[in-house]
Every structure is written in C-alpha cells, then in structure tokens.
Amino acid sequence: MEVILKQDIHTLGYKNDIVTVKNGYGRNYLIPNGLAILATESAKKMHAENMRQRAHKEEKIKNEALEVAKKLEGVTLSLGAKTSTTGKIFGSVNNIQIAEALVEKGFEIDRKVISIKDAVKEIGKYTASIKLHKEVKVEIEFEVVSE
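One structure accompanies this document, and this report is about it. Computed from a predicted structure; not experimentally measured. (Residues numbered from 1 in each chain as written. Predicted model: local features only at pLDDT ≥ 70, side-chain atom pairs only at ≥ 80, totals over all residues. Heavy atoms only, no water.)

**A closer look at the sheet that holds strand E8 (residues 124-133)**
Cut-off, in case you're wondering: Two strands pair under a simple rule: DSSP has to find at least two bridges between them. By the criteria applied, helices consist of DSSP H or I runs no shorter than four residues and strands consist of E runs no shorter than two, each listed in order from the N terminus. Here an axis means a line fitted to C-alpha atoms, over the contact stretch when the element is a helix, while the angle between two N-to-C directions is reported on a 0 to 180 degree scale. Every residue pair with non-hydrogen atoms within 4.5 Å of one another is taken to be in contact.
One open sheet accounts for 4 strands, arranged E4-E9-E8-E6; its pairing is mixed. Only two strands of the sheet have a single neighbouring strand rather than two, namely strand E4 (76-81) and strand E6 (114-116). Averaged over all pairs of adjacent strands, the angle between their axes in this sheet comes to 35°, without regard to strand direction. Contacting E4, E6, E8 and strand E9 (136-146), helix H3 (residues 95-105) runs over the sheet at an angle of about 125° to E4.

Printed below as a string of structure tokens:
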C-alpha cells in the first residue's frame, strides 16, 4: 500500500514522501493517527502540484539550514556533570543538555534533531549529530567534564 506522509517519521521517511508500507501499518496506525494519507491517483496529482509550488520554499529552508551548519561546525561544547572519583557520571548526558548548551551559545536547536551515537556515561570527548534538514546534517563535538 502506498501512502503520502504528512509528517516526518523517523524510521519511514520525510513529510510529503510517497512510501510503500504494509496494509495493516497504513490502515491501522498511519492513516488513523493523521500521519499519512492514502496515495490514490488524485492524491498523487495534488501532491505533485503541491511539491512544485513548495520547491523554492524548500530551497530557502535548506539554505538557512546550511548557514546554521556552517556556524555550528567550529562549535565545541563543555558540559558539566556530577561524577564519581573514577570518572563515571551519575546518570548520563543526553540531547536535552546539549540543546540547552547550544541555547547558551546562541543556537536555537530543537532537542529532537540531536542524536548521540553512544551512551555518555564517563568523562571525555564525544560527538553528537544534528539533523537540521533532511539533506543537512552536522556533527558537533562536546566534552563532558566533572563539576
């Protein structure tokens, strides 16, 4: 079954993508929750027209994301955490703390677009990836230090 996504779905695709899903997933989850619409012929024609009209808006959004990515490339963050004497962190560092540190540096980045590959449980240097646009992804380095 083909559906047109109304929102970005992490494991499936981006808004306005036409994707093929299993019938049960489409009919029982995506369509009732308003995440997608059924991709009939008329819906595909409307989708194509909307995409043509939206093309230059998307280009503008992408250029803004590229500008932010250029500014973020040289940024390194230092996050303080309570630690034991051996360097283990009580708890962990997550994307919320990185987003707050970026706000302090002057960047308004949503925490949902920040992802950390490994669990941060010790003092050290790590990298986080920020997905600013579906085609623009930037990696920033952050260091976890003891408070």
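**Things to note about unusual backbone geometry**
The cut-off we apply is this: Burial here depends on accessible area, computed with a 1.4 Å probe over protein chains only, as a share of the maximum for the residue type. Under 20% is buried, over 50% is exposed, and the range in between is partly exposed.
Despite not being glycine, Asn16 has its phi angle at roughly 70°, a positive value. The exposure class assigned to Asn16 is buried, which follows from its relative accessible area of 16%.

**Quick word on the layout of surface pockets**
Defined as follows: Two kinds of site are reported from a 1 Å grid over the protein atoms alone, namely cavities, where a 1.4 Å probe fits but cannot get out, and pockets, open sets with protein on both sides within 12 Å along at least five of seven lines, and residues are called lining when an atom falls within 4 Å of a point. Grid points are joined across faces, edges and corners, and a volume is the space filled by probe spheres set on the points. Residues are sorted three ways: Asp, Glu, Lys and Arg are charged, Ala, Val, Leu, Ile, Met, Phe, Trp, Tyr, Cys and Pro are nonpolar, and all the rest, Gly among them, are polar. Here the limits of each domain have been adopted from an automatic or database domain assignment.
Considering only enclosed or pocket space, the largest pocket measures out at about 830 Å³ in volume. For the largest pocket, the lining is made up of 25 residues, of which Asp8, Tyr14, Lys131, His133 and Lys134 are closest to its centre. For the lining of the largest pocket, the secondary-structure elements that each account for two or more residues are helix H2 (41-72), E6 and E8. For the lining of the largest pocket, the class distribution of residues is 7 nonpolar, 6 polar and 12 charged. Two domains each donate at least three residues to the lining of the largest pocket, and these are domain 1 (1-66) and domain 2 (74-144). The volume enclosed by the second largest pocket comes to roughly 170 Å³. Lining of the second largest pocket is provided by Leu77, Ser78, Leu79, Gly80, Gln97, Glu100, Ala101, Glu104 and Lys105. Sorting the residues of the lining of the second largest pocket by element identifies E4 and H3 as the ones contributing at least two each. When residues in the lining of the second largest pocket are grouped by element, the largest group, 5 residues, is from H3.

Shape descriptors only; they carry no functional weight alone.
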